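Reading the structure
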Amino acid sequence: MVSIKNIKTDYKRIVIASILLIAVTLLLYLIEIFGFWGIYGEGATASRISELWYVDLILNFSPIVLVGGFLIYKIWSSYKQEEYVKYKTYLITVLILIIVYALKGQIMKLVF
């Protein structure tokens, strides 16, 4: 077993992966919004559908689940292939994305 403290850290890959995956997450949110609007429109039906608990759950959590699932797959595959630098890089990236997602409300208030 290799200690995670002794593994070299690839900071450049962490920054690039974090920025790209945050951008992908934002694009997935936009695709969901425009897709929902395109399917249901603006009327009372869309308002009623958007208030359902599972629609809110899907719209809020599907982008982070897709991106997080991809990162978990990359973590698992790099650990199995004993590429510990990539393993640590993806692990730090997923932690950054979890922190950004947890602070999503405050970031939205700051930007908008």
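Residues numbered from 1 in each chain as written. Predicted model: local features only at pLDDT ≥ 70, side-chain atom pairs only at ≥ 80, totals over all residues. Heavy atoms only, no water.

**Side note on the pattern of salt bridges**
Scanning the entire structure with this criterion turns up 2 salt bridges. Residue Arg 13 pairs with Asp 10 through a salt bridge whose shortest N-O separation is 3.3 Å. For Arg 13, a relative accessible area of 32% gives the class partly exposed. For Asp 10, a relative accessible area of 24% puts it in the partly exposed group. Put simply, Glu 83 and Lys 86 hold a salt bridge, and the shortest N to O gap is 3.8 Å. A residue is classified by how much of its surface remains accessible, and Lys 86, at 30% relative accessible area, is partly exposed. (Salt bridge = Lys/Arg side-chain N within 4 Å of Asp/Glu carboxyl O. Buried < 20%, exposed > 50% of the residue type's maximum accessible area, 1.4 Å probe, protein only.)

**A few points about the nonpolar core**
Ranked by size, the top nonpolar core spans 8 residues in total: Leu 21, Val 67, Leu 71, Ile 75, Tyr 87, Tyr 90, Val 94 and Leu 97. Counting only elements with at least two residues in this core, the list comes to α3 (53-80) and α4 (84-102). It is α4 that contributes the most residues to this core, 4 residues altogether. Apart from residues lying up to four places away in sequence, Leu 21 is in contact with Val 67, Phe 70, Leu 71, Thr 93 and Leu 97. (Core = buried A, V, L, I, M, F, W, Y, C linked by side-chain atoms within 4.5 Å. Helix = DSSP H or I, 4+ residues; strand = E, 2+ residues; numbered from the N terminus. Contact = heavy atoms within 4.5 Å.)

**Focus on the packing of aromatic side chains**
Under the counting rule described, the total for this entry stands at 4 aromatic pairs. Where Phe 61 meets Tyr 101, the ring centres are 6.0 Å apart and the plane angle is 55°; that geometry is what we call tilted. With Phe 61 in helix α3 and Tyr 101 in helix α4, the pair connects residues that are 40 residues apart, well separated along the chain. Consider the rings of Tyr 79 and Tyr 87, whose centres lie 5.2 Å apart with planes at 45°: the pair is tilted. (Phe/Tyr/Trp six-rings, centres within 6.5 Å; stacked < 30°, edge-to-face > 60°.)

**Thoughts on α3**
With 28 residues, α3 extends 38 Å between its outermost C-alpha atoms, agreeing within 8% with the 40 Å of an ideal straight helix rising 1.5 Å per residue. At Phe 61, α3 shows its largest kink, close to 45°, and the proline Pro 63 lies no more than four residues downstream. Of the residues making up α3, those classed as buried are Val 55, Pro 63, Ile 64, Val 67, Gly 68, Leu 71, Ile 75, Ser 77 and Ser 78. Packed against the buried residues of α3 are α1 (11-40), α2 (44-50) and α4. After α3 finishes, the residue Glu 82 shows a positive phi value of roughly 60°. (Expected span 1.5 Å × (residues − 1). Bend = angle between axes of the 7 residues up to and from the residue.)

**Some thoughts on a nonpolar patch on the surface**
Residues Leu 52, Trp 53, Tyr 54, Leu 57, Ile 58, Phe 61 and Val 65 make up a contiguous nonpolar surface patch of about 730 Å² in total accessible area. Structurally, the position occupied by Val 65 is in helix α3. (Patch = residues over 30% accessible without salt bridge, like charges linked within 9 Å, V, L, I, M, F, W, Y side chains within 5 Å. Areas by Shrake-Rupley, 256 points an atom, 1.4 Å probe, with all protein chains shown as cover.)

**A look at the layout of surface pockets**
By volume, the largest pocket amounts to about 570 Å³. Looking at the largest pocket, it is lined by 19 residues, and the ones nearest its centre are Thr 25, Leu 26, Tyr 29, Lys 104 and Met 108. At the level of elements, α1, α3, α4 and α5 (104-111) are the ones that each hand at least two residues to the lining of the largest pocket. Per element, the largest residue contribution to the lining of the largest pocket is 8 residues, and it comes from α1. Considering only residue class, the lining of the largest pocket consists of 15 nonpolar, 2 polar and 2 charged. (1 Å grid on protein atoms, 1.4 Å probe; cavity = no way out; pocket = protein on both sides within 12 Å on 5 of 7 lines; lining within 4 Å. Points joined across faces, edges and corners; volume = space filled by probe spheres on them. Nonpolar A, V, L, I, M, F, W, Y, C, P; charged D, E, K, R; others polar.)

Read these as spatial facts, not as claims about activity.
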